[in-house]
Structure formats: structure tokens, C-alpha cells
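These are the residues of each chain, in order.
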Amino acid sequence: MPGRKPGSVPADLRGHIGGLFKGARLFWLGLFAVTWLLSQYSFQIYKALDARWIIRFPAQFQLNLDTHISAFLDWLVNVANFGLFTFRDLTRGIAWLIELPYQFLRNILIEGFQSGLGNEAVQIAPSLSWIAVIVIAVAVGHYARDWALAALVGACFLYLAVFGQWDSAMITLASVLVAVPIGALGGLGLGILAYRSPWIDRLLRPVLDLMQTVPVFAYLVPILILFGFGPVAALVATVIYAMPPMIRVTILALRGVPEDLLEAGRMMGATPRQMTWKVLVPAATPTLMVGVNQVIMLTLNMVIIASMIGAGGLGFDVLASLRKLDIGGGIEAGLAIVVMAIALDRASQAFAERRVRHRRTGSALQRHPWSMTALAVIVGTFLLGQVVPAVQSYPPAWEISTGAFWSDGMEWINVNFFDTLEAIKTVLLTGLLLPVKKFFAGIPWPWGIIATGLIAWRVAGWQLGVAAALMMAFIAASGLWAKAMVTLYLCGVSVFIAVLIGTPLGIWAAQRPRAGRVILGLMDTLQTLPSFIYLIPVVMLFRVGDFSAMIAVVLYALAPAVRYAAHGIREVPGELLEAGKMAGCTPRQLLWRVKLPMAVPQLLLGLNQTIMLALSMLVITALVGTRDLGQEVYIALTKANAGQGIVAGLSVAFIAIIADRIVHALSDSQKRRLGL
């Protein structure tokens, strides 16, 4: 076109490109300048005015909410009475109902069935043999998709036997097989209620926000008090942790059912009950299975944390290894969790994608070949196992241990690369972590509350501004301001590094399909690793402290930054790319002036998920010596102080909610600018 330089971007294309804070730079620069000055000189101001309240909330005005919560729970457990039964009776009844299927599955998978108690117990029937369990796993994989998935699932379960993790893995599998149905069915029921009733939907939203942002350690304490120590309490905690995604997915899935399908159901005279179970739920089943997949993954992510209150299984093995700094044993048990997660994740994804198949005709063997095969193997191994013990239980002599390999490998890295690792640690500590920590630690609580309110107001309106200020005031009034600032510093640095690494990787994955398969496959692996697994090698390489916590958080929170960046670049409209090429844009200009601006909403959603994962991981990193809100929650767990744990957990949740609302508002604002 005449009058335009080659490679320049036309005016209509430039209309899509704008800064997030266009016209407001003076506001943001001024806010940062004031915050920086107060942070640097807050101590001098306090000394000059002799006003200690500037840097610490006055003790006489603190809420002391933790003591009231602890007293309430004590009353609930020891005093509360409903006439025919006490609250303790209610919780023990729920525990008994959960324990029945859990113990039954443990008997089937690992312990066998016995009569009598203690030394007088006599075994009636053995558990399923390891061969039978693997065959059942193969059958499930083939039924869900094909032979390739069957081979993968079977290989994963065989790995558990070969590498000596079978007994612990079966205990963990029993927990999963109880927690997942309860979480999935409970989430489905609540999601249907929210879909049917707007007021239930409005009531559930803040509850779900809290359930997904309050650190899991925070509600381990009240669950421990209400249900006692043991696997049942761990299962209750796991269900509470894993259910919220199922509720949200159910609501979205039901709302996504096509209107013409609903209209057809109404025209056929379907009752509300029939509409739910014969129209809505069947039509939404593929999406609902995605929610089931999330429940499975969160359940497996919970197994180590739940072991703190008596879950047992692979989670207990990892936790015990971490406490003893047994790098080999910890990695072995952690890899077993990953292998189980891969098998269950791939199988549940296959069920989500599975299409309805025609029913087979003929004999029972022809109609249900895999069921009949599994039954034959169960009976055959039961009979043969009475004669050949190796058929019933995998022989210890056949087991392979990799513990020494992992321990030697970590020792070799420490010996040969200690100076290099120490130099990297020193540079990042002195150049990034400590200056940022000093900045956040110096922010006076009155200005911190005002600044947070101003940021939220400027981005999303006065309602969020007031809400954000009140949430930060709660943290200050609870006496947790200093620890909250350490949390913000660690989270901020970790998210910054995760986004700095993840965004280029996501762009590379989107623009190079071959590299994308490798990168996204690595992200899949990182997402299946339980959060505790990251701590073991990090502690062995860098010892305890903020730097180790930061590395663990970055690794754990990296995946969403990569995934959303890749998705955002791929979703840029083809006609817009074509317009850029027609205007003479080079590939570099196309990336920086078209793709990245159009991908900003997705990049912000990735940032949001990265923040959420970072905050959840920071509570875990309390085990490596951080002095933040996560440590406060962990100390509450060790002391069984429910009030302290809940208040600290709510403080983390409030930070997460503020960040979530602000980033979502930025994303929505950018979508409007881009006309999306």
C-alpha cells in the first residue's frame, strides 16, 4: 500500500495493541514511589515519632479470633448435643460410614479377610494377587480406549510391584477408590443444586473460593479434632480438598448443554428429575469426566499431606523419608505416586473422551470379554497362590531398589557442583530475594492496607477496593502482617521467575510443534508430581531456607505459565495473522506486535493460576524453614491449634482471593480492549 514502510503495522492492527495501564502510568509510578519510600524509612519514622503502631498492629486491638475458634471447636466436640446424639456421635458415625468401604478395599487389595481380633485372628481369604490387580488395570485401560493405554496402565502397576512399592501403593489406591467416588458424587450433587437454584449458586461461590484458596494444612487441624487421628480423618480432608473442582466443572458442564436438547426434553414432557438424569447429565458426561479426572489428581496430590494425620501408604513413605533426609527412599516412593497418577490420569482422560459403543451380543464371554478374563484370573491366581506363594505376593527377592542410585546421584551432584550451585544461590539471594524481602518487610501495615485497596479500586472498581482493604486489615488485626509480607515476597519472586521462564517456553511450544510435544509432556510430568516431591532434591542441593522454598515453588507453579502462554499464542485468530503478514510484518514483528498483545488475556489467566499454585506450595515449603504464613499454619498443625491454623489459612486465602480478582479484572479489561 502506498505511504507505508515495509514491515510497518497498519493503524487498524495497532488498535488492538495497547498497554494494560494506558493513561494511568502516573498513578502506578506514584503509588510505587510512596510505597518504596515508606518501606525504606518506616523504621526511622517509627523511631522519630516513637510510634510502634506504625510497624506493628497494636496488641490491645488485635482480634484474637484464634482463641474464639479453638473454644468453639472444643465446645462442639465436648459439649454440643442434639438431643438424641452429640456432635461427637455424629462425626464418629460419619467416620464409621467412610471406614466400612475403606477397610473392605484394604482387605481386597492388601490385607485379606480375617475373623477374630489380634493374635486370635484367622485368615478367611487372601487379598487379590498382584497379578490379578495388574490384569484388572489392563482391562480397565483397554475398556477405556485401546491396547496402548492398556499396556501403559499395566506397566505402571507392574512398576509398583517390581520396585518394591506394592503394599504402600495398594493402601494409597484404597484411599483413592474411596475418596474419588465421594468427591465426584458429592461435587455432582452440589453442582446440580447450584445449576437448579441461583441462590445456592451464589452461596456456593464464596465457599468454593475459600475451599480452593485456604491451605489444606489449615483444615487438617479441625478435621483432626473432629474425626481423630487416622485414615478416616485423612479421607475427609482429601474429599474436602478434591471436591471443589468437581462442583465448578458440573455447573459449567450443565450450563453448556445445548438449548435445543433441553427444548426437546421439555417437548417430550420430561419431569425435572428426568431432565436432570436423562438429558442434562448424559449430555454433559464428557465434561463431567474432566471433573472426575481433577478429583483423582487432587486426591493423589493430597496423599502425602494426608499422611500427617494418619493416611499411611506411599504418602507416609515420602514424608518419613523427607524427615530422615533419605533422598533415595523419598524419590522411590514419590516416583511410585507419580506412576500411579499417570495410570489413573490417562485412564480417566480416556473415559472422558470415550464414545458410546454398540452393545455386544452373544454369550457372557462375548459380551463381557474383559470382565470374564479378569474373573478367571482372580479365581486362577487364588487357587494357584495357595501352592505357589510368588503368584499371590510379589517375591521380595525379585524386587529392584533404585534408592542407592538416587542417593549416590545426589551426592555426586553435591560433590562436583557445590561451588556452582552455591554461587547461583548467592547471586539470586543478594541480587533478588533479599532486596525484595527488605522492600515488603518495611511496608507499614496502615499504608499496606491503603495501597492494596487503591490497586484493587484502580483495576476493578471501588467494591473490590473496599473488600481488598478489609481483607488486608483482617491480616493486620490478626497480628500476622509481618508473616504476610514474607508470604507476598516469596510468592512474588517465585511467580516472577516462573512467568519469566514459562512464557518463553510456552511461546516456543506454540510455534514449534516438535518442541511443544516435549515441553508440554514435561509440564504434564511436573503437574503429576505431588508437591512434597519437589522438596526432597531441593533440600539436598540447597539446604533449608528461602532459596530452597523459592526453587520448589517455581518448579511446582511453572506448568500453568507454560500452558496458558502456548494456548494464547495458538488461539490468535488466523485472519489477524494474515493481516499482519499482508502488512509486511516479519516473524519477530508478528510475535511482538500481534500474537503477544492478542494473547495477553490468556497470559494473565496463566499468571493467575501460577499465583494460586505458588501460594498453595508456600504452605508446604514451611517444612524447609520459611517464616511466613505457611509456617504459621504448619505450627498450628503440629500443636493441634485449630484457631491459629484457620486464621493463618484465611489470611493466605484472602491474599489469594485479592490476587485472583485483580488478575481476572485485568484479563477482562484486556479482552474488552481487544474486542474479544
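Cut-offs and rules
- Residues numbered from 1 in each chain as written.
- Predicted model: local features only at pLDDT ≥ 70, side-chain atom pairs only at ≥ 80, totals over all residues.
- Heavy atoms only, no water.
- Helix = DSSP H or I, 4+ residues; strand = E, 2+ residues; numbered from the N terminus.
- Rg over C-alpha atoms; globule rule 2.2 N^0.38 Å.
- Buried < 20%, exposed > 50% of the residue type's maximum accessible area, 1.4 Å probe, protein only.
- Phe/Tyr/Trp six-rings, centres within 6.5 Å; stacked < 30°, edge-to-face > 60°.
- Core = buried A, V, L, I, M, F, W, Y, C linked by side-chain atoms within 4.5 Å.
- Contact = heavy atoms within 4.5 Å.
- Expected span 1.5 Å × (residues − 1).
- Polar contact = N/O pair within 3.5 Å; in protein donor to acceptor, adjacent residues only side chain to side chain.
- pLDDT = per-residue confidence, 0-100.
- Axes fitted to C-alpha atoms, helices over the stretch in contact; angles between N-to-C directions.
- Parallel < 35°, antiparallel > 145°, perpendicular 65-115°, else oblique.
- Left-handed = near helix turned anticlockwise from the far one by under 90°.
- Nonpolar A, V, L, I, M, F, W, Y, C, P; charged D, E, K, R; others polar.
- Salt bridge = Lys/Arg side-chain N within 4 Å of Asp/Glu carboxyl O.

A. Spotlight on the overall build of the protein. Within the protein, the regular secondary structure consists of 28 helices and 2 strands. For 676 residues, the compact-globule estimate of 2.2 N^0.38 gives 26 Å, and the protein sits close to it at 28 Å. In terms of overall dimensions, the protein has C-alpha extents of about 80 × 70 × 65 Å along its principal axes. Relative to its full complement of 676 residues, the protein shows a buried share of 50%.

B. Expanded view of the packing of aromatic side chains. This model, assessed by the stated rule, comprises 14 aromatic pairs. An angle of 80° between the planes, with centres 5.2 Å apart, marks the rings of Phe-474 and Phe-654 as edge-to-face. With a gap of 180 residues between them, Phe-474 in helix α20 (residues 462–477) and Phe-654 in helix α28 (residues 642–674) connect regions that are remote in the sequence. Across the pair, Phe-654 and Phe-474 agree in class, each one buried. For the pair Phe-542 and Phe-547, a centre-to-centre distance of 5.0 Å together with 70° between the ring planes defines the contact as edge-to-face. Overall, Phe-542 belongs to the buried group, its relative accessible area being 10%.

C. Highlighting the nonpolar core. Judged by nonpolar contacts, the single largest core of 213 residues is most densely connected at Phe-157, Trp-166, Phe-217, Ile-309 and Phe-532. The residues touching Phe-217, leaving out its near neighbours within four places in the chain, are Ile-305, Met-308, Phe-532, Val-619, Ile-620, Val-633, Tyr-634 and Leu-637. Within the second largest apolar cluster, 8 residues are counted, among which are Val-572, Leu-576, Leu-577 and Cys-585.

D. α28, seen in detail. The terminal C-alpha atoms of α28, which comprises 33 residues, lie 47 Å apart, in line with the 48 Å expected from a rise of 1.5 Å per residue. Burial runs high along α28: 26 of the 33 residues are buried. Looking at where α28 begins, the residue whose side-chain oxygen comes 3.4 Å from the main-chain nitrogen of Gly-643 is Asn-641.

E. Quick look at helix α9 (residues 216–227). Spanning 12 residues, α9 covers 16 Å between terminal C-alpha atoms, matching the ideal 16 Å at 1.5 Å per step. The buried fraction of α9 is high, at 11 of 12 residues. Every buried residue belonging to α9 is among Val-216, Phe-217, Ala-218, Tyr-219, Leu-220, Val-221, Pro-222, Ile-223, Leu-224, Leu-226 and Phe-227, and all of these are buried. One or two steps after α9, the chain reaches Gly-228, where phi turns positive at roughly 80°.

F. Fine view of unusual backbone geometry. For Asn-64, which is not glycine, the phi dihedral falls at a positive 50°. The topology assignment puts Asn-64 in the loop between α2 (25–49) and α3 (65–78). The class of Asn-64 is partly exposed, set by a relative accessible area of 42%.

G. Region of interest: the side chain of Ser-478. Structurally, the position occupied by Ser-478 is in the loop between α20 and α21 (481–511). Ser-478 sits in the buried class, given a relative accessible area of 18%. At 2.8 Å, the side chain of Ser-478 forms a polar contact with the backbone oxygen of Phe-474. Among residues more than four places away in sequence, those in contact with Ser-478 are Gln-62, Leu-63 and Val-647.

H. Quick peek at the confidence of the model for the protein. With 92% of its residues at a pLDDT of at least 70, the protein reaches an overall mean of 83. When the criterion is pLDDT under 50, residues 1–23 qualifies, and its contacts beyond four places in sequence or with other chains add up to 29 contacts.

I. Layout of the packing of helix α6 (residues 147–162) against helix α14 (residues 327–353). Packing of α6 against α14 brings their axes to within 9 Å, and their N-to-C directions diverge by 160°. Judged by the angle between their axes, α6 and α14 are roughly antiparallel. The element α6 and its partner α14 pack so that their crossing is left-handed. Residues Leu-149, Leu-152, Val-153, Cys-156, Phe-157, Tyr-159 and Leu-160 of α6 pack against Leu-335, Ala-336, Val-339, Met-340, Ile-342, Ala-343, Arg-346, Ala-347 and Ala-350 of α14. A per-class count over the contact of α6 with α14 returns 15 nonpolar, no polar and 1 charged.

J. The arrangement of the pattern of salt bridges in detail. For the coordinates displayed, the defined rule picks out 9 salt bridges. Note that Lys-483 and Glu-632 form a salt bridge whose closest N and O atoms lie 3.8 Å from each other. Placement of the pair is Lys-483 in helix α21 and Glu-632 in helix α27 (residues 629–639), with a sequence separation of 149 residues. Look at Lys-483 and you get partly exposed, because its relative accessible area is 23%. Under the relative-accessibility criterion, Glu-632 is labelled buried at 15%.

K. Expanded view of the environment of Pro-58. Positionally, Pro-58 belongs in the loop between α2 and α3. A relative accessible area of 19% places Pro-58 in the buried class. Placed 517 residues apart in sequence, Pro-58 and Glu-575 show a C-alpha to C-alpha distance of 60 Å. Among all residues touching Pro-58, those that are not within four sequence positions of it are Trp-53 and Trp-445.

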